[in-house]
Amino acid sequence: IREEDRLVEALDFRLNDDFLGSIYADKFVGIWNENGLMYNGMQTKFSPKKLIVNSTGTRASVITEEIIQSDFAIIYRYYLELFDISNPSVEPPKVNQVFLLQITMDIMGDGEAIPQFCVAVSDDASLAIVGATGQHPVKLIRVSDGSTIREFYPLSRAAGMGNGATAVRFTENDGSVM
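Throughout what follows, the structure given in this document is the object of discussion.

1. A look at the pairing of strand S2 (residues 18-23)
Argument step 1. With six of its six residues buried, S2 lies for the most part within the structure.
Argument step 2. On S2, burial covers both faces: Asp18, Leu20 and Ser22 on one face and Phe19, Gly21 and Ile23 on the other are all buried.
Argument step 3. Here four bridges tie strand S1 (residues 11-14) to S2, and the two strands are oriented antiparallel to one another. Note that in S2 the partner of Leu11 across the bridge is Gly21.

Here you go:
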């Protein structure tokens, strides 16, 4: 990316003219134009891991990570931070922040492994579905207040495999989840 010496990790596009990129260490998401020049951005509360921009280019869902280290454990917490990017010429305001998942690892090697997690956000950004590998349930979450609408386990768990979810997705027009 032109004139930018920081490492940009996650990318997503806003319509045909702009793209967003996350800068993990700075807790920042930048907005670049088609020439590769950053012209705006938004500060996140935690370090951004993944970006999802809706099809109309009005909402940016940023999956962020908080790492808390104590004498006995490391706690990983994941959040969804939602921003209004309908007018990218002004600093995009944060709409909401929702807790998604927590993993605790004992420093002696006990506890859970850090799961691979997957998130999908409905096109209107009102719902999110969160899944993770391991023994975690899949959750359908209302983004406005963070409440869990439904919680279920993938079919692989019923078959005794216990793999958890490796992918989640909303179908076209957000009518169903997969």
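Following the structure, the description resumes.
2. Focus: the environment of Lys50
Argument step 1. One can find Lys50 in strand S5 (residues 47-53).
Argument step 2. Between the C-alpha atoms of Lys50 and Leu80, which are 30 residues apart in sequence, the distance is 9.4 Å.
Argument step 3. Among all residues touching Lys50, those that are not within four sequence positions of it are Ala10, Ser61, Val62, Ile63 and Val119.
Argument step 4. A distance of 3.5 Å separates a polar side-chain atom of Lys50 from the backbone oxygen of Val119.

3. Considerations on the nonpolar core
Argument step 1. Grouped together as the largest cluster of nonpolar side chains are 18 residues, with contacts concentrated most on Leu80, Leu100, Leu101, Val119, Val121 and Val143.
Argument step 2. Going through the elements one at a time, strand S7 (73-84), strand S8 (94-106), strand S9 (117-121) and strand S10 (127-132) are the ones with two or more residues in this core.
Argument step 3. In this structure Leu100 touches Ile63, Tyr78, Tyr79, Leu80, Val119, Val130 and Ile141, once residues within four positions along its chain are discounted.
Argument step 4. Ala10, Met42, Leu51 and Val53 belong to the second-largest nonpolar core, a separate cluster that totals 11 residues.

4. Thoughts on the side chain of Glu66
Argument step 1. Its location among the elements puts Glu66 in strand S6 (residues 59-69).
Argument step 2. What makes Glu66 buried here is its relative accessible area of 17%.
Argument step 3. Of note is the side chain of Glu66, whose polar atom sits 2.8 Å from the side chain of Tyr79.
Argument step 4. Beyond its immediate chain neighbours, meaning those up to four positions away, Glu66 contacts Phe46, Ile75, Tyr76, Arg77 and Tyr79.

5. Quick notes on the pattern of salt bridges
Argument step 1. The full count for this structure, using the stated rule, is five salt bridges.
Argument step 2. Among the salt bridges present, the one from Asp18 reaches Arg14, with a minimum N-O distance of 3.5 Å.
Argument step 3. For Glu81, the salt bridge goes to Lys94, with nearest N and O atoms at 2.9 Å. Taken as a pair, Glu81 in strand S7 and Lys94 in strand S8 lie far apart in primary sequence, 13 residues in all.

6. Observations regarding the sheet that holds strand S4 (residues 38-43)
Argument step 1. The strand order across the open sheet built from four strands is S1-S2-S3-S4, with neighbouring strands paired in antiparallel fashion. Each end of this open sheet is capped by a strand with a single partner; those strands are S1 and S4. For this sheet, the mean inter-axis angle between neighbouring strands, taken without regard to orientation, is 25°.
Argument step 2. The sheet contact formed by strand S3 (residues 28-32) and S4 spans five bridges and is antiparallel. Residue pairing for S4: Gly30 is matched across the bridge by Gly41.

Criteria and cut-off values
- Residues numbered from 1 in each chain as written.
- Predicted model: local features only at pLDDT ≥ 70, side-chain atom pairs only at ≥ 80, totals over all residues.
- Heavy atoms only, no water.
- Buried < 20%, exposed > 50% of the residue type's maximum accessible area, 1.4 Å probe, protein only.
- Helix = DSSP H or I, 4+ residues; strand = E, 2+ residues; numbered from the N terminus.
- Pairing = 2+ DSSP bridges.
- Contact = heavy atoms within 4.5 Å.
- Polar contact = N/O pair within 3.5 Å; in protein donor to acceptor, adjacent residues only side chain to side chain.
- Core = buried A, V, L, I, M, F, W, Y, C linked by side-chain atoms within 4.5 Å.
- Salt bridge = Lys/Arg side-chain N within 4 Å of Asp/Glu carboxyl O.
- Axes fitted to C-alpha atoms, helices over the stretch in contact; angles between N-to-C directions.

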